Amino acid sequence: MRNEAPKNIWNLNLFKGKVCFITGGSGTICSKQAEELVKLGCSVSIIGRNEQKVLETVKRLTLLSGESTTIEEKIKVIGIPNIDVRDPSSLHKAVSTTVDKLGRIDFVIAGAAGNFISDFNHMSTNAFKSVVDIDLLGTFNTVKACYDQLVLNKGSVIFVSATLHYYGVPFQCHVGAAKAGVDALCRSLAVELGTVGIRVNAIAPGAIDGTEGFARLAVGDGKTGGKSPIERFTEKIPLQRLGSVMDIANATIFLFSDAASYITGTVMIVDGGFWHMGNFN
Ligand code: HXC
């Protein structure tokens, strides 16, 4: 069995001349999606709230794009910080800047998300609303802002969802509700926008090593039996390893590629089979 995500399996010119707009683009998952798109010739626009994180990501990806010798066309990486997906007007400005600097938008990754652990009793209305506003409304706002470009270029959209709303995960009612909405939005938009040539899919990551979300959720139950909580968790995953950001990047590349040209409205679960275990977990 493969014990890590495969690398270097795609044609290096796969996305030559394409441009991807990525909200939450400096986060752990989305910056890896961006990195792998850049390696395949795609220019990227990194959108985020935190200026320092956006600038660091742009610096890293710019170095990477400069290293690519196999692709003739210049790959560009830009960052647009201080953008909150809850604010449609700031998103519209980010889209205009992207089109001014990179010429077009073909792909959109709606990856901006917020999360914290809180039980229902201590979660305020505003806390619940904040996460729903970032994860669900922010996803809607992102597609809305990019819509004209997506129509023009017969583009493709990927939402970053989750699997926790398939169960009743405690202390996550805000994210579960928001991500269930994201899946519903994916299916509705796939049907509505398919007629104008736009594909809309989602990726639902499971336990992805190195992410803030997994670090927050991977807490032990005290019964370690000499093993760390992460070792015990990993044993429960059918494919017997944690996911990596490369696994999510590979799913992203597939969904944006022409190999997926007849796929829309799909929530692609990338979790090593974990959620299918149901009651066995
Ligand atoms: C209870 C909390 C809280 C906590 C914030 N709040 N943290 N309530 N427990 N730990 C409450 C605040 O008290 C406030 O409610 C409301 O939430 C809004 O908080 P603000 O800080 O004013 O909002 P904002 O600055 O917009 O921050 C949004 C946020 C924050 C979501 C609350 O955590 C954030 O910015 N996160 C971004 C980074 C992040 O979360 N990354 C992880 C992504 S991982 P009151 O009532 O006091 O006004 C991920 C994976 C999901 O999303 C899938 C997991 C498997």
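As a reminder, the structure under discussion sits directly above these lines.
All values reported here derive from a predicted model rather than from experimental measurement.

Colleague: Would you mind showing me how to read the nonpolar core here?
Modeller: Nonpolar side chains tend to gather and get buried jointly when the protein is soluble and globular. Phe21, Val157, Phe159 and Val200 are the most contacted members of the largest nonpolar core, which has 33 residues in total. Of all the elements, helix α5 (residues 173-194) adds the most residues to this core, at six residues.

Colleague: What's the story with unusual backbone geometry in this structure? I'm lost.
Modeller: One non-glycine residue, Asn8, lies in the positive phi region at around 55 degrees. Within the element layout of this structure, Asn8 appears in the segment before β1 (19-23). Assessed through its relative accessible area of 74%, Asn8 is described here as exposed. One non-glycine residue, Gln240, adopts positive backbone phi at about 60 degrees.

Colleague: Could you clarify how one ought to interpret the site of the ligand in this entry?
Modeller: Around the ligand sit 18 residues, and of these Arg49, Arg86, Asn115, Ser124 and Asn126 come closest. The contact in question runs from an oxygen atom of the ligand to an N or O atom on the side chain of Ser124, over 2.5 Å. Taken by itself the ligand offers 1,100 Å² of open surface, and the protein chains cover 58% of this. Within the residue set of the shell around the ligand, elements represented by two or more residues are α4 (125-153) and α6 (212-217). Among the residues making up the shell around the ligand, the classes are represented as seven nonpolar, seven polar and four charged.

The rules we used
Residues numbered from 1 in each chain as written. Predicted model: local features only at pLDDT ≥ 70, side-chain atom pairs only at ≥ 80, totals over all residues. Heavy atoms only, no water. Core = buried A, V, L, I, M, F, W, Y, C linked by side-chain atoms within 4.5 Å. Buried < 20%, exposed > 50% of the residue type's maximum accessible area, 1.4 Å probe, protein only. Helix = DSSP H or I, 4+ residues; strand = E, 2+ residues; numbered from the N terminus. Near = heavy atom within 4 Å. Polar contact = N/O pair within 3.5 Å; in protein donor to acceptor, adjacent residues only side chain to side chain. Areas by Shrake-Rupley, 256 points an atom, 1.4 Å probe, with all protein chains shown as cover. Nonpolar A, V, L, I, M, F, W, Y, C, P; charged D, E, K, R; others polar.

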